[in-house]
Amino acid sequence: MMKAKRKRVRSSSSSSRNNLTVIDAADSFLFFNSLQFRTPYFENLAMEVFYYMVFGGLGLIVAALELSKNNKDRVTTSQAFTSFKNNYLLVYSLMMAGDWLQGPYVYYLYTTYGYGKGDIGQLFIAGFGSSMLFGTIVGSLADKQGRKRACVTYCITYILSCMTKHSPHYKVLLLGRILGGVATSLLFSAFESWLVAEHNKRGFEQQWLSLTFSKAIFLGNGLVAIISGLFGNFLVDAVSLGPVAPFDAAACILAIGMAIILSSWGENYGDPSENKDLLSQFKGAAVAIASDEKIALLGAIQSLFEGSMYTFVFLWTPALSPNDEEIPHGFIFATFMLASMLGSSFASRLMARSSPRVESYMQIVFLVSAASLLLPIVTNFFIAPPEVKSGGISLGGCVQLLGFCTFEACVGIFWPSIMKMRSQYIPEEARSTIMNFFRIPLNIFVCVVLYNVNAFPITIMFGMCSIFLFVASVLQRRLLVITDKPKSENWTSLKERDVETEPLNDA
């Protein structure tokens, strides 16, 4: 009887020790988990690994695309063209570096000066409004006064804009945004207009122009942008020079590019006739757009896509850090640009071949870009967004980042493709004027969105961008249909007409 009792006691004691062991093990695991895997340090470490994985994966794909190019993907050119192309690519890369260095830190700089989302939105509105009003006038003068002068004006204007970033005063920052808006119009019209005119003046083959376009986007909107993003991150975070340092570096680079333009570029014009004033140029451009459906469609497509793209520039930071989480702006920006490189590399392959045509594959590009900007809406529906500030980017933010990279890849395809279509359909004598006309609805759209930025949730604005991109795909389909029609006359005969009485090109 006593043996049985002692046995039961030992059994009970053993059971208690086993239960205690289980409890101790569970507590130890929870304690270990709370100390390590739930600390901000390990959360940040996991996020850094994710950033590096995305960046590294994109880099491997871009390298594979570039190294696997065969003869079908390459175009044989002359030594004279190669020299001309390299000179332009050097200048364009420097100009884009001056622009990209500022990109990731504009929004961030304004926040460090104590401005809220509404005030920052008004500053962005000032920039786009300036591009619409003053930029259209200054950019249009390039056709008459010279494209080289317009490129030099871009450098001077943007350098002055960078200098204003040293002041925290709202009016000074507003002046900087106005100057930046004028510079942006020149960047996206004067340089391309100079290139097309100089390319044709030197008698190079038309197909080679696509090569310059795709390489310019690959370098200027890709590799240079990545280096700029990393360099900006180095200046701000590693060296701790503050968020204004990238703007100072941009001013120095723009000055170097301006010196190269002054020393090596020749001047060319659109319509240098003395009897045409600015109003006549505007009227001629308006007649060309109204009378040629291809030009009108091209302008609408460009405005819809670029409007969505510039809105995305304003939205990606609050989308990835809704509670002001610490995210590596420069590194994420560099990742976006690597995705853009991927797109431009793919575009260069497509444009080196006769099929598919640009007008055909761009329909798919617009649809993919529309789907990618729907991800913030989808992720917020299936993954509850964090309500308090966390150590880094959330799970939903990771999914959105992948979608944003897809959108940037579409941007990389869009730029050389739209440049090729513009070179085909826009008449030379009014190229800069018409290109700046295209930016008017774009700037109106962005201004309206930014003015109402506090009135709508961020998901609504992403939804609007997605709808506009879908409409761009529909218009691209229409452009494909009408360009398949046989041409009854070419640009050469139409250039001899008076733009005030007859259209510049056929319908």
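Here the residue numbering is sequential within each chain, running from 1 through the sequence in written order. Local features in a predicted model are, by the rule used here, given only for residues with pLDDT of at least 70; side-chain atom pairs are given and counted only at 80 or more, and totals for whole chains, interfaces and linings are based on all residues. Side-chain calculation: all heavy atoms of the structure are included, whereas hydrogens and water are not.

For the protein, an unreviewed UniProt entry supplies the name Major facilitator superfamily domain, general substrate transporter and the organism Cynara cardunculus var. scolymus.

**A short note on the overall build of the protein**
Put simply, DSSP marks the helices as runs of H or I at least four residues long and the strands as runs of E at least two long, and each gets a number from the N terminus on. Per the secondary structure count, the protein includes 19 helices and zero strands. Relative to its 507 residues, the protein shows a buried fraction of 54%. Contact definition: two residues touch when any of their heavy atoms are within 4.5 Å. Counting contacts in the protein only where the partners sit at least 6 residues apart, residues at least 24 apart contribute 87% of the total. Areas reported here follow the Shrake-Rupley algorithm with a probe of radius 1.4 Å; residue values treat only the protein chains shown as occluding. Of the accessible surface of the protein, which amounts to about 22,600 Å², a share of 65% is contributed by carbon and sulfur atoms. Three exposure classes are used, based on accessible area relative to the maximum for each residue type with a 1.4 Å probe and protein chains only: buried under 20%, partly exposed in between, and exposed over 50%.

**Some points on a nonpolar patch on the surface**
Where nonpolar side chains cluster on the molecular surface, the patch consists of L223, I227, F231, F234, V239 and L241 and spans about 520 Å² of accessible area. Within the secondary structure layout, I227 lies in helix α9 (residues 206–238). Patches in this entry comprise residues that are over 30% relatively accessible and not in a salt bridge; like charges within 9 Å are linked, as are nonpolar side chains (Val, Leu, Ile, Met, Phe, Trp, Tyr) within 5 Å. One side-chain nitrogen of Lys or Arg within 4 Å of one carboxyl oxygen of Asp or Glu is enough to make a salt bridge.

**Some details on the nonpolar core**
One broad rule of soluble globular proteins: the nonpolar side chains tend to lie buried together. The biggest cluster of nonpolar side chains holds 144 residues, and the ones touching the most others in it are Y154 and F191. For each domain, the first and last residues come from an automatic or database assignment. Built from parts of two domains, this core gets at least three residues from each of domain 1 (79–273) and domain 2 (276–484). In this structure F191 touches Y88, V91, M95, C151, Y154, L186, I261 and W265, once residues within four positions along its chain are discounted. The nonpolar core is taken to be a set of buried Ala, Val, Leu, Ile, Met, Phe, Trp, Tyr and Cys residues, with the residues joined through side-chain atoms within 4.5 Å.

**As for the packing of helix α3 (residues 79–100) against α9**
Note on method: axes are straight lines fitted to C-alpha atoms, helices fitted across the in-contact stretch only, with angles between N-to-C directions ranging 0 to 180 degrees. At their nearest, the axes of α3 and α9 sit 9 Å apart, and the two run at 35° to each other. Seen along the crossing, α3 lies across α9 with a hand that is right-handed. In this structure, α3 uses F81, K85, Y88, L89, Y92, S93, M96, A97 and W100 to contact α9, whose residues at the interface are W208, L211, T212, K215, A216, I217, L219, G220, N221, V224, A225 and S228. Looking at the contact of α3 with α9 residue by residue, the classes come out as 14 nonpolar, five polar and two charged. For any pair of crossing helices, the crossing counts as left-handed if the nearer helix is rotated counterclockwise from the farther one by less than a right angle, and right-handed if it is rotated clockwise. Throughout, the ten residues Ala, Val, Leu, Ile, Met, Phe, Trp, Tyr, Cys and Pro are labelled nonpolar, Asp, Glu, Lys and Arg are labelled charged, and all others, Gly among them, are labelled polar.

**Concerning the confidence of the model for the protein**
Residues of the protein with pLDDT of at least 70 account for 81%, and the chain-wide mean is 80. Per-residue confidence from the predictor is reported as pLDDT, a score between 0 and 100. Mean pLDDT per element in the protein: helix α19 (residues 491–494) is the minimum at 42, and helix α10 (residues 245–264) is the maximum at 96. This model gives residues 1–38 a pLDDT under 50, and the stretch forms seven contacts once residues within four places in sequence are excluded. Every residue in residues 487–507 scores below 50 in pLDDT, and together they form 45 contacts with partners more than four places removed in sequence or on other chains.

**As for the side chain of T311**
Following the sequence through the fold, T311 ends up in helix α12 (residues 293–320). A residue is classified by how much of its surface remains accessible, and T311, at 1% relative accessible area, is buried. We call two N or O atoms a polar contact when they sit within 3.5 Å, provided that within protein one can donate a hydrogen and the other can accept it, with sequence-adjacent residues counted only if both atoms are side-chain atoms. Of note is the side chain of T311, whose polar atom sits 2.7 Å from the backbone oxygen of G307.

**Details of the packing of helix α16 (residues 395–425) against helix α18 (residues 458–483)**
Viewed as axis vectors pointing N to C, α16 and α18 meet at an angle of 35°, and their least axial separation amounts to 14 Å. In the crossing of α16 with α18, the sense of the turn from one axis to the other is left-handed. Across from F404, F407, M421 and Y425 in α16, the residues of α18 making contact are F462, L469, Q476, L479 and T483. Class assignment for the residues of the contact of α16 with α18 results in seven nonpolar, two polar and no charged.

**Topic: the side chain of T483**
Its location among the elements puts T483 in helix α18. Residue T483 is classed as buried on the basis of its relative accessible area, which comes to 15%. Within polar-contact distance, the side chain of T483 engages the backbone oxygen of L479 at 2.8 Å. Look past the residues within four positions of T483 in its chain and what remains in contact with it is K294, R357, E359 and Y425.

**Quick notes on helix α13 (residues 329–351)**
Expected span of a helix: the number of residues minus one, times 1.5 Å. The terminal C-alpha atoms of α13, which comprises 23 residues, lie 33 Å apart, in line with the 33 Å expected from a rise of 1.5 Å per residue. In terms of residue burial, α13 counts as a mostly covered element, since 22 of its 23 residues are buried.

**Let's talk about the pattern of salt bridges**
By the definition in use, this model includes seven salt bridges. Note that E198 is salt-bridged to K201, the shortest N-O span being 3.4 Å. With E198 and K201 both in helix α8 (residues 190–201), this residue pair falls three residues apart, about one helical turn. Overall, the relative accessible area of 4% leaves E198 in the buried class. Among the residues examined, K201 registers a relative accessible area of 53% and is labelled exposed. When the shortest N-O distance is used, the salt bridge between R357 and E359 registers 3.3 Å. Assessed through its relative accessible area of 3%, E359 is described here as buried.

**Notes on the environment of N380**
Relative to the helices and strands, N380 is located in helix α15 (residues 375–382). Sequence spacing of N380 and Q400 is 20 residues, and the spatial spacing of their C-alpha atoms is 9.8 Å.

**Concerning the packing of aromatic side chains**
The geometry of an aromatic ring pair comes down to the distance between the two centres and the angle between the two planes. Side-chain rings of Phe, Tyr and Trp (the six-membered ring for Trp) are treated as a pair once their centres are within 6.5 Å; stacked means planes under 30 degrees apart, edge-to-face means over 60, and tilted covers the remaining angles. A complete count under the given rule lists 31 aromatic pairs for this structure. On the basis of an interplanar angle of 75° and a centroid distance of 6.1 Å, the ring pair of F191 and W265 is categorised as edge-to-face. Highlighted residues: F191 in helix α8 and W265 in the loop between α10 and α11 (278–291), separated in sequence by 74 residues. As far as burial versus exposure is concerned, F191 and W265 are alike and both buried. Lysine and arginine charges are scored as sitting over a ring when NZ or CZ, respectively, is within 6 Å of the ring centre and within 35 degrees of the ring normal. Residue placement shows R177 over the ring face of F124; its charged tip is 4.7 Å from the ring centre.

**Things to note about the environment of I159**
With respect to the secondary-structure elements, I159 resides in helix α6 (residues 147–163). Between the C-alpha atoms of I159 and A183, which are 24 residues apart in sequence, the distance is 9.4 Å. In this structure I159 touches A251, L254 and A255, once residues within four positions along its chain are discounted.

**As for the environment of A430**
On the secondary structure map, A430 appears in the loop between α16 and α17 (431–451). For A430, a relative accessible area of 9% corresponds to the buried category. Distance in space between the C-alpha atoms of A430 and G284 is 7.6 Å, their sequence separation being 146 residues.

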